[in-house]
Amino acid sequence: MTLPIQSSVAAETGNPSIEPGPQEGVDVEVSLESLSQWQLALRRFLRHRMALVGLAVFSAIILIAIIGPIVAPYNPLDIPGARLEGGDPPSLQHLFGTDDAGRDVFTNVINGAHISLAVGLFSTLIAGIIGVIVGAIAGAAGGFTDNLLMRIVDVTFAVPLLFLILVAAVFFGQGSMIALILVFGLLQWGLIARLVRAQFLSLRETDFVEAARAVGVSNLRITFRHILPNALGPVIVVLTLLMASNIVLEAFVSFLNFGIAPTEATWGNALSNSQGAMEDGNWWWAFFPGMAIALTVISINFIGDGLHDALDPRARL
Amino acid sequence: MSDMTPQTVAPAAGVPGRTDAAGSSSARPLVEITDLRMFFPITQGILISRHVGDVRAVDGVSLSIQKGETIGLVGESGCGKSTVGRTILRLYRPTGGRIVFDGQDITTAGGASLRSVRRRMQMIFQDPYASLNPRMTAAGIVSEPLEIHGVGVKSERQQRVRDLLATVGLDPSYGDRFPHEFSGGQRQRIGVARALALHPDLIVADEPISALDVSIQAQIINLLERLQGEFGLTYLFIAHDLSVVRHISDRIAVMYLGRIVETANSRALYERPLHPYAVALLSAVPIPDPAVEGRRRRIILTGDVPSPSDPPPGCHFHTRCWLRERLGNPDRCVAEDPALRPLSSGHQVACHFAEEVDGSAEQVQVTGRSPGAGGVAAAAGPAATAPYAPAGPPPRPRDRG
């Protein structure tokens, strides 16, 4: 019944002592928890050097956003600089120089960090939560529900984002950070929903979901245990990229004077103030806030890249 | 010549607990499907879907599977053989027909009754890379069926998982590894362990080896055979590799475009295919004897398999049938659905003109019998033995009675 070729089974398992059939004396603790997948992901992430650099830079930026206003050399409303036409160039007193109103650019950059980060983080969070829920419902339910939700997504894509921001600025009064976060979040969840739905549709047809169904696993458990964990990897990556792009978007909207109130210190407002400054040679007005945005976005993108590799269970350690 | 000589059936006739033709057994079959139909709707529409047609994946299949036997289900890609397997497991809700599992009608079962039946039937999948959740450990995958059906307490389940991994030839200490850390063959062993976890009666093996390296294929086949002996399993073995099916199956059903066109004992089918499609299919299997192989001529079917959403009327195979051409394209093939009818040899064949196949040049060519040898099986002995049994005739004792 058992053919000679059976002997190579042991070779394949890499342990020549293994004999087929139930065996005694094997006393190895088998963990039934699959928790260590996150440890594996962490280990993969820690091997991604650019992601670590990104994480370090991003952590520093967050730290600055939190404690920056406390340690900043000047109050953002102070005008320590001379009211010279064009402001002071960088010096030991004013590391990033001062602008035409005599405000310290270094203080502005530090104080702008928390607004940029908050807008990026919370708008992405809103988009992520709505997107994952809607996408999961659409993908899991299928049929009419799926159709309906996807048409709603189409509608959110059809609304021009900038137009709505302008409307919101008028409606909520200019300078409302909450309004900006809501508009970003409520118009961008469609992207996430589509991604999650696509993941659900493809994962729903996989053999391992079919196998779970054949075993008698309930739909709820299939969704949360088998589909969602496999769907979330790409979603987390896209969310980090979305956060970076929302930080840029906030700066852009503020630059157009439709974002955060111009009296508030944000990176976008700082850039907005510097319109025309480059022609006069006052490069420091734009350079430092611009660098702050670029550094933040690049570091987030590196983190996203690292997460992408870390969350792929097929990736090699 | 159309009177079947009984000797092809003889080897299996005396084996208890198995039938050669439907209805001839008094024992209750483990699975009995009757006129099973599984249509997948084709829909159109933006918001409200309109039903515009059906893919008739399974279109009137009847089959009974006895406890402890292995049925091979063969046919080319897209003929509906996987759908038959999955519908029996009730992964789909059948469009029509009846599925009776061990006396219980499960055609429309749901909820608790379906769950309790699912304990008793499991599936092994084709692609060992797709059939294991990449985010669960091997132990987690094998243990899930136990958790779902509330088998034992945690420590007992852990012990059972270790036993299962050992049973399928894996080191139990590998339990905390993830699927991507295993080779294809090892992954398939995990899939087998998962299928075994609940002590099922029936295992549907959906091309369990066709995604594996040839060297690993034999290991998995041997594993499946050993497990069948140990646990008294019943297999529905779906494949397109006829030499593997020949080795493992007691009985073989040949499918074409949603229907079974011929069923027979494994040996009888290979020695004497009686449906024109079965003959064509077998002509693609090489015979490991250069002298015989040199005499053989393959039957090349012309054209493609017709679309299962619009199958041809009458016999589904008539558009490509070599026999029909020979007979001058009789209208009966187009006008009338051929039913599976028992022939005296124990074959069941769905062809109006099956008698014409027997003894035809094509049949003789395909089976490698020397022309004029008469009767059956000059070359059907050791020369045609399946490659998985190099030591001699096929190793299943109950095959030989």
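Undergrad: So what's going on with the sheet that holds strand β9 (residues 251-256) of chain B? Residues and values would help.
TA: The 8 strands lie next to each other as β6-β7-β8-β3-β9-β10-β12-β11 (chain B), forming an open sheet whose pairing is mixed. Every other strand in the sheet has two partners, leaving β6 (121-124) and β11 (341-342) of chain B as the edge strands with one partner each.

Undergrad: Could you give an account of helix α9 (residues 219-255) of chain A, naming the residues involved and the relevant values?
TA: Of all the bends in α9 of chain A, the greatest, near 45°, is centred on L228 of chain A, and the proline P229 of chain A appears no more than four residues after it. Directly after α9 of chain A, the chain includes N257 of chain A, whose backbone phi takes a positive value near 65°.

Undergrad: Mind laying out the domain arrangement of chain B, listing which residues take part and the relevant values?
TA: Residue and element names in this part refer to chain B. You can read the domains of chain B as domain 1 (31-42 + 53-253) and domain 2 (272-367). At the interface, 13 residues of domain 1 touch 8 residues of domain 2. Secondary-structure elements contributing two or more residues to the side of domain 1 that touches domain 2 are β2 (50-65) and α8 (242-248). Here the element with the most residues in the side of domain 1 that touches domain 2 is β2; it accounts for 7 residues. Among the residues making up the side of domain 1 that touches domain 2, the classes are represented as 5 nonpolar, 4 polar and 4 charged.

Undergrad: Account for the sheet that holds strand β5 (residues 104-105) of chain B, naming residues and giving values.
TA: Residue and element names in this part refer to chain B. Judged by pairing direction, the sheet is antiparallel, and its 4 strands sit side by side in the order β2-β1-β4-β5 without closing on themselves. Strands with a single pairing partner mark the edges of an open sheet, and in this sheet they are β2 and β5. The sheet contact formed by strand β4 (residues 96-101) and β5 spans 2 bridges and is antiparallel. Bridging from a neighbouring strand, F101 pairs with Q104 of β5. This element, helix α2 (residues 81-88), spans β1 (31-44), β2 and β4 of the sheet and lies at about 110° to β1.

Undergrad: Could you give me a rundown of the packing of helix α4 (residues 105-141) of chain A against helix α5 (residues 143-158) of chain A, with the residues and numbers involved?
TA: All names here are of chain A. Where α4 meets α5, the closest approach of the two axes is 7 Å, and the angle between their N-to-C directions is 145°. Crossing geometry of α4 relative to α5 is assigned as left-handed. Together, V134, I137, A138 and A141 of α4 and G143, T145, D146, L149 and M150 of α5 make up the contact between the two elements. Partitioning the contact of α4 with α5 into residue classes produces 6 nonpolar, 2 polar and 1 charged.

Undergrad: Please give an account of the packing of α9 of chain A against helix α11 (residues 283-310) of chain A that cites residues and values.
TA: Residue and element names in this part refer to chain A. The geometry of α9 relative to α11 is characterised by a closest axis approach of 8 Å and an angle of 170° between their N-to-C directions. If you check the angle between α9 and α11, you find them roughly antiparallel. Contact residues: I236, V237, T240, L241, M243, A244, I247, V248 and A251 in α9; I293, T296, V297, I300, N301, I303, G304, L307 and H308 in α11. Along the lines of polarity and charge, the residues of the contact of α9 with α11 split into 13 nonpolar, 5 polar and no charged.

Undergrad: Which residues make up the pairing of strand β8 (residues 234-239) of chain B, and what are the values?
TA: Residues and elements named next belong to chain B. β8 sits mainly inside the fold: 6 of its 6 residues count as buried. The side-chain alternation of β8 yields two buried faces, one formed by T234, L236 and I238 and the other by Y235, F237 and A239. Sheet analysis places strand β3 (residues 70-74) next to β8, joined by 5 bridges and oriented parallel. Paired with V74 across the strands is A239, a residue of β8. In this structure, strand β7 (residues 202-206) lies alongside β8, joined through 5 bridges in parallel fashion. By the bridge assignment for β8, L202 is matched with T234. In this fold, the crossover linking β7 to β8 by way of helix α7 (residues 214-231) has right-handed handedness.

Undergrad: Lay out the nonpolar core with the relevant residues and their values.
TA: All names here are of chain B. V142, L165, L236, F237, V254 and V261 are the most contacted members of the largest nonpolar core, which has 173 residues in total. Mapped onto the domain boundaries, this core takes at least three residues apiece from domain 1 (31-42 + 53-253) and domain 2 (272-367). When sequence neighbours within four positions are dropped, the list of residues in contact with V261 reads V254, M255, Y256, H275, Y277, A278, F317, A350 and C351.

Undergrad: Residue-level account of unusual backbone geometry, with values.
TA: Residues and elements named next belong to chain B. Of note in the backbone geometry, D102 takes a positive phi value of approximately 50° without being a glycine. With 16 C-beta atoms packed within 10 Å, D102 lands in the partly exposed category. Even without being a glycine, H199 presents a positive backbone phi close to 55°. Inspection of the secondary structure assignment puts H199 in the loop between α6 (184-196) and β7. With 12 C-beta atoms packed within 10 Å, H199 lands in the exposed category.

Calculation notes
- Residues numbered from 1 in each chain as written.
- Chains lettered and ligands numbered in written order.
- Predicted model: local features only at pLDDT ≥ 70, side-chain atom pairs only at ≥ 80, totals over all residues.
- Pairing = 2+ DSSP bridges.
- Helix = DSSP H or I, 4+ residues; strand = E, 2+ residues; numbered from the N terminus.
- Bend = angle between axes of the 7 residues up to and from the residue.
- Domains from an automatic or database assignment.
- Contact = placed C-beta atoms within 7 Å.
- Nonpolar A, V, L, I, M, F, W, Y, C, P; charged D, E, K, R; others polar.
- Axes fitted to C-alpha atoms, helices over the stretch in contact; angles between N-to-C directions.
- Left-handed = near helix turned anticlockwise from the far one by under 90°.
- Parallel < 35°, antiparallel > 145°, perpendicular 65-115°, else oblique.
- Buried ≥ 20, exposed ≤ 12 C-beta atoms within 10 Å, placed from the backbone.
- Right-handed = clockwise from strand over helix to strand, strands pointing away.
- Core = buried A, V, L, I, M, F, W, Y, C linked by C-beta atoms within 7 Å.

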